[in-house]
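# Inside the fold
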Amino acid sequence: MTNTLFQNILPEDIPVMLKRLNAYTKSYQKEEYIKHAGDPADFIGIIESGSVHILQDDYYGNRNITASIPPNSLFGEAFACAGIPYLPVDIVAAEDCTVMFLNGKTLLNTCDNSCTFHHTLIRNLLGIVAQKNMYLNQKIKYTSRKTTREKLMAYLTDQAKLKRSNDFTIPFNRQELADYLGVERSAMSAELGKLTKLGILRTQRSHFTLLKPLD
């Protein structure tokens, strides 16, 4: 187990810990729903392979990807920590994936056995939740930009920084990227075409190369 949630926990303690947390593993196919809005939010999911999208629809059915969760990451932990009884979002497999589920209530309440690893587990979880909050603030930075071009370039330049290269692949297709940034796909595609003609970037599906900064 190399997940950050299990950091500083002895390898021999992990099987005991997983048993007490009622851990189980399940596999999903691409675009299969893992959890639906309205399902009990009493779990914490760990992505062992593949990736998932967190989706939220508004009153009119417009879809927004609130997060893309990569392998070896958690989802559902914020709802469990906040004590929210039911999920306000859908959780969907972005690709074929395998997920380990832990009982959120058991994890958040220390047991009577004074297990050292349980305190470490809660401390690790707190750090993960704080990092996710920073991620959310990053998304707000994109969606608060005024124009589609500004939103696109803010996101793409951050991806280049993250990958430490001007040549990178993002975890979204075009529709998913539009949903994530909160823009219309047609408007975004038109803007990408303009940026390509201006020599700002080059793109092929989910792959991007940033060629020069905006003037």
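Because the structure is predicted, anything quoted here is derived from the model rather than measured.

Conventions adopted
- Residues numbered from 1 in each chain as written.
- Predicted model: local features only at pLDDT ≥ 70, side-chain atom pairs only at ≥ 80, totals over all residues.
- Heavy atoms only, no water.
- Phe/Tyr/Trp six-rings, centres within 6.5 Å; stacked < 30°, edge-to-face > 60°.
- Helix = DSSP H or I, 4+ residues; strand = E, 2+ residues; numbered from the N terminus.
- Buried < 20%, exposed > 50% of the residue type's maximum accessible area, 1.4 Å probe, protein only.
- 1 Å grid on protein atoms, 1.4 Å probe; cavity = no way out; pocket = protein on both sides within 12 Å on 5 of 7 lines; lining within 4 Å.
- Points joined across faces, edges and corners; volume = space filled by probe spheres on them.
- Nonpolar A, V, L, I, M, F, W, Y, C, P; charged D, E, K, R; others polar.
- Pairing = 2+ DSSP bridges.
- Axes fitted to C-alpha atoms, helices over the stretch in contact; angles between N-to-C directions.
- Contact = heavy atoms within 4.5 Å.
- UniProt positions renumbered as here; feature names shortened; annotations may be inferred.
- Core = buried A, V, L, I, M, F, W, Y, C linked by side-chain atoms within 4.5 Å.

### What to know about the packing of aromatic side chains
- With the rule as written, the count across this model stands at ten aromatic pairs.
- With 5.5 Å between their ring centres and 90 degrees between their planes, Tyr142 and Tyr155 make a pair best called edge-to-face. Placement of the pair is Tyr142 in helix α4 (residues 116-143) and Tyr155 in helix α5 (residues 148-163), with a sequence separation of 13 residues.
- Taking relative accessible area as the criterion, Tyr142 reaches 2% and is therefore assigned buried.
- With a relative accessible area of 3%, Tyr155 lands in the buried category.
- Consider the rings of Tyr155 and Phe172, whose centres lie 6.2 Å apart with planes at 40 degrees: the pair is tilted. Here Tyr155 is found in helix α5, whereas its partner Phe172 is found in the loop between β9 (167-169) and α6 (174-181), with 17 residues between them in sequence.

### Section: empty space enclosed by the protein
- Evaluated as defined, the whole model comprises one cavity of 30 Å³ or more.
- A volume near 40 Å³ is recorded for the largest cavity.
- Every residue along the wall of the largest cavity is listed here: Met17, Arg20, Leu21, Thr106, Phe117, His118 and Leu121.
- Listing elements by their share of the lining of the largest cavity, those giving two or more residues are α1 (14-20) and α4.
- Within the lining of the largest cavity, the residues separate by chemical class into four nonpolar, two polar and one charged.

### Focus on the layout of surface pockets
- Roughly 930 Å³ of volume is contained in the largest pocket.
- For the second largest pocket, the calculated volume is near 430 Å³.
- As for the second largest pocket, its lining consists of 17 residues, of which Thr66, Ala67, Ala78, Phe79 and Lys132 are closest to the centre.
- Looking at the lining of the second largest pocket, the elements with two or more residues in it are β4 (52-57), β5 (63-69), α2 (77-82) and α4.
- Tallied by class, the residues present in the lining of the second largest pocket amount to eleven nonpolar, four polar and two charged.

### Let's talk about the sheet that holds β4
- Pairing in this open sheet of four strands is antiparallel, and the strands run β2-β7-β4-β5 from one edge to the other. Each of the sheet's edge strands pairs with one partner strand only, and the pair in question is β2 (33-35) and β5. Across the sheet, the axes of successive neighbouring strands diverge by a mean angle of 35 degrees, strand direction being ignored.
- With two bridges connecting them, β2 and strand β7 (residues 90-93) associate as antiparallel partners. The residue bridging Lys35 from the neighbouring strand is Ile91, located in β7.
- Of the strands in this sheet, β4 and β5 touch α6, which is tilted by about 100 degrees from β5.

### A word on the UniProt feature "domain: Cyclic nucleotide-binding" (unreviewed entry) in the chain
- Under the UniProt annotation, the feature "domain: Cyclic nucleotide-binding" (unreviewed entry) is placed at residues 5-77.
- The distance from the first to the last C-alpha atom of residues 5-77 is 11 Å, and the span holds 11% helix and 41% strand.

### Structural notes on the nonpolar core
- Counting 25 residues, the largest nonpolar core has Tyr155, Leu156, Ile170, Leu177 and Leu181 as its most contacted members.
- Every element with two or more residues in this core is listed here: α5, α6, α7 (185-197) and β11 (207-210).
- Counting residues per element, this core draws most heavily on α5, which supplies six residues.
- Once residues within four sequence positions are removed from consideration, Ile170 is found in contact with Tyr155, Leu156, Gln159, Leu177, Ser206 and Phe208.
- Phe6, Ile14, Cys115 and Phe117 belong to the second largest nonpolar core, which has 19 residues in total.

### Some thoughts on the pairing of strand β8 (residues 97-103)
- Of all seven residues making up β8, six are buried, and the element is well covered by its neighbours.
- Note that strand β1 (residues 24-28) and β8 share five bridges and pair antiparallel. Pairing of Thr25 across the sheet is with Met100, part of β8.
- Strand direction decides the pairing type here: strand β3 (residues 43-49) and β8, joined by six bridges, are antiparallel. Following the sheet pairing, Phe43 is matched in β8 by Asn103.

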